[in-house]
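# Structural features, examined
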There are 2 protein chains.
Amino acid sequence: MIGRLNHVAIVVSDMDKAISQYRNDFGARVSDAVNMPEHGVTTAFVELPNTTIELLYPLGTGSPLSRFLDRHKDGGMHHLCLEVENIGRARAQLQEKGYRVLGDGQPSIGAHGKPVLFLHPKDVFGTLIELEQA
Amino acid sequence: MIGRLNHVAIVVSDMDKAISQYRNDFGARVSDAVNMPEHGVTTAFVELPNTTIELLYPLGTGSPLSRFLDRHKDGGMHHLCLEVENIGRARAQLQEKGYRVLGDGQPSIGAHGKPVLFLHPKDVFGTLIELEQA
């Protein structure tokens, strides 16, 4: 069912510094920061040859990342995004096996404009996993 | 300097269950578990089309992962491993910019038989980054 690792998402406590770090110190290709008010995040993408690191920073007051940064002052690894061919089928198969889907249990449109869902980290050994229809 | 994402490492609280989960529930190709007493870990590899998820479980009494599992009972994301062409050159460049290398500051031979080093997570926004000479 799962395919490519689409991205690893990392929350950072200072987006400008993080972009500069990956770009100048680590020599990677990094996009500029983009605000996504409908998701409550600012993102930038570190483009590696085989996958992407998504840098995340909270945007606005109700950001889903604010609590994460409260608990992890410097930031830290936030989630893995794995590609699936068909999000509806993946959801049905996983729910049948007892996996919980966060939110209302339905796929939504993610930050990349594609259908996504998040599995409950308690069901996946403490790792937040996003499934994205490729 | 940085190249491919070699692997994402995840600590799990039950290796057999984690292997079964990725293999049977997520439909991925997963190696059998291998004990690496010299590193104090048991590992298994989830082979994705573009990279690898390394499942980790503590082995023996002095395992470097025991404290992680004490703090994260279910497990969680542990580190990212990024490839570099030349570990000595990468180390020199990063140390010159103030990055701290864990341990004695020298590269060592990692779990895959290649020279590796770990950057201090406080210097990389809370993310533990392993550099591996590809």
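Now for a quick tour of the structure.

Calculation rules
Residues numbered from 1 in each chain as written. Chains lettered and ligands numbered in written order. Predicted model: local features only at pLDDT ≥ 70, side-chain atom pairs only at ≥ 80, totals over all residues. Heavy atoms only, no water. Helix = DSSP H or I, 4+ residues; strand = E, 2+ residues; numbered from the N terminus. Rg over C-alpha atoms; globule rule 2.2 N^0.38 Å. Buried < 20%, exposed > 50% of the residue type's maximum accessible area, 1.4 Å probe, protein only. Contact = heavy atoms within 4.5 Å. Areas by Shrake-Rupley, 256 points an atom, 1.4 Å probe, with all protein chains shown as cover. Lys, Arg positive; Asp, Glu negative; His and termini not counted. Charge placed at Lys NZ, Arg CZ, Asp CG, Glu CD. Phe/Tyr/Trp six-rings, centres within 6.5 Å; stacked < 30°, edge-to-face > 60°. Salt bridge = Lys/Arg side-chain N within 4 Å of Asp/Glu carboxyl O. Arc of directions from axis to C-beta. Least-squares fit on C-alpha atoms with pLDDT ≥ 70 in both. Buried area = accessible area lost by both parts, 1.4 Å probe. Polar contact = N/O pair within 3.5 Å; in protein donor to acceptor, adjacent residues only side chain to side chain. Nonpolar A, V, L, I, M, F, W, Y, C, P; charged D, E, K, R; others polar.

### Here's the deal with the overall build of chain A
- Assigned secondary structure in chain A consists of three helices and nine strands.
- Secondary structure elements of chain A occur, N-terminal to C-terminal, as β-α-β-β-β-β-α-β-α-β-β-β.
- Taking 14 Å as the expected radius of gyration for a compact globule of 134 residues, we find that chain A reaches 15 Å, a close match to that expectation.
- For chain A, the C-alpha atoms occupy an extent of roughly 45 × 35 × 25 Å along the three principal directions.
- Across the 134 residues of chain A, 52% fall into the buried class.
- Once local pairs closer than 6 in sequence are excluded, the contacts in chain A between residues at least 24 apart make up 52%.
- Accessible surface, chain A: about 6200 Å² in total, of which carbon and sulfur atoms supply 47%.
- For chain A, the separation between the mean place of its 13 positive charges and that of its 16 negative charges on side chains is 5 Å.

### Remarks on the packing of aromatic side chains
- One pass over the structure, following the stated rule, counts four aromatic pairs over all chains.
- Each ring, one from Phe 26 of chain A and one from Tyr 99 of chain B, has its centre 5.6 Å from the other, and the planes form 40°; the classification is tilted. Remark: Tyr 99 of chain B occurs in the loop between α3 (87-96) and β7 (108-109) and Phe 26 of chain A occurs in the loop between α1 (15-25) and β2 (29-30); the pair is interchain, linking two chains.
- Chaining the aromatic ring pairs together yields one cluster made of Tyr 22 and Phe 26 of chain A together with Tyr 99 of chain B.

### Let's talk about the pattern of salt bridges
- One pass over the structure, following the stated rule, counts 12 salt bridges over all chains.
- With a shortest N-O distance of 3.1 Å, Asp 74 of chain A and Lys 122 of chain B are connected by a salt bridge. On the criterion of chain membership, the pair formed by Asp 74 of chain A in the loop between α2 (66-71) and β6 (75-84) and Lys 122 of chain B in the loop between β8 (115-119) and β9 (129-133) is interchain, its members lying in two chains.
- Assessed through its relative accessible area of 56%, Lys 122 of chain B is described here as exposed.
- For Arg 23 of chain B, the salt bridge is made with Asp 32 of chain B, and the minimal N-O distance between the two is 3.1 Å.

### Comments concerning α3 of chain B
- For α3 of chain B, the full list of buried residues reads Ile 87, Ala 90 and Leu 94 of chain B. What you see down the axis of α3 of chain B is that its buried residues fit within an arc of 60°, all on one side.
- The secondary structure elements touched by the buried residues of α3 of chain B are α1 of chain A together with β6 (75-84), β8 and β9 of chain B.
- Just past α3 of chain B, the residue Gly 98 of chain B takes up positive phi, approximately 100°.

### A few points about the relation of the copies chain B and chain A
- For the match of chain B to chain A, the screw axis carries a shift of 0.0 Å, the RMSD comes to 0.0 Å, and the turn is 180°. Between the two chains, the operation in question is that of a two-fold axis. If distances are taken from each C-alpha of chain B to the rotation axis, the shortest is found for Asn 50 of chain B, at 3.0 Å.
- Of the residues that chain B buries at the interface, 100% are likewise interface residues in chain A, meaning the two copies contact each other through the same surface.

### As for the interface of chain B and chain A
- Counting residues at the interface gives 44 residues for chain B and 44 residues for chain A.
- Taken as a group, Phe 26, Met 77 and Phe 125 of chain B account for 24% of the area that chain B buries against chain A, more than any other trio of residues on that side.
- Remark: the boundary between chain B and chain A carries four salt bridges.
- The shortest N-O distance in the salt bridge between Lys 97 of chain A and Asp 25 of chain B comes to 3.8 Å.
- Applying the counting criterion to the chain B and chain A interface returns 19 residue pairs in polar contact (both at pLDDT 80 or more).
- For the side of chain B that touches chain A, the secondary structure elements donating two or more residues are β1 (2-12), α1 (15-25) and β6 of chain B.
- Per-element accounting of the side of chain B that touches chain A gives the leading share, eight residues, to β1 of chain B.
- Of the residues in the side of chain B that touches chain A, the class split is 23 nonpolar, 13 polar and eight charged.

### Comments concerning unusual backbone geometry
- With a phi angle near 55°, Phe 125 of chain A is a residue other than glycine that sits in the positive phi range.
- Assignment of secondary structure puts Phe 125 of chain A in the loop between β8 (115-119) and β9 (129-133).

### What to know about the environment of His 79 of chain A
Residues and elements named next belong to chain A.
- When you line up the elements, His 79 lands in strand β6.
- With 71 residues separating them in the primary sequence, His 79 and Val 8 have C-alpha atoms 6.1 Å apart.
- Here His 7 takes part through its side chain, which lies 3.3 Å from a polar atom of the side chain of His 79.
- At 2.9 Å, the side chain of His 79 forms a polar contact with the side chain of His 78.

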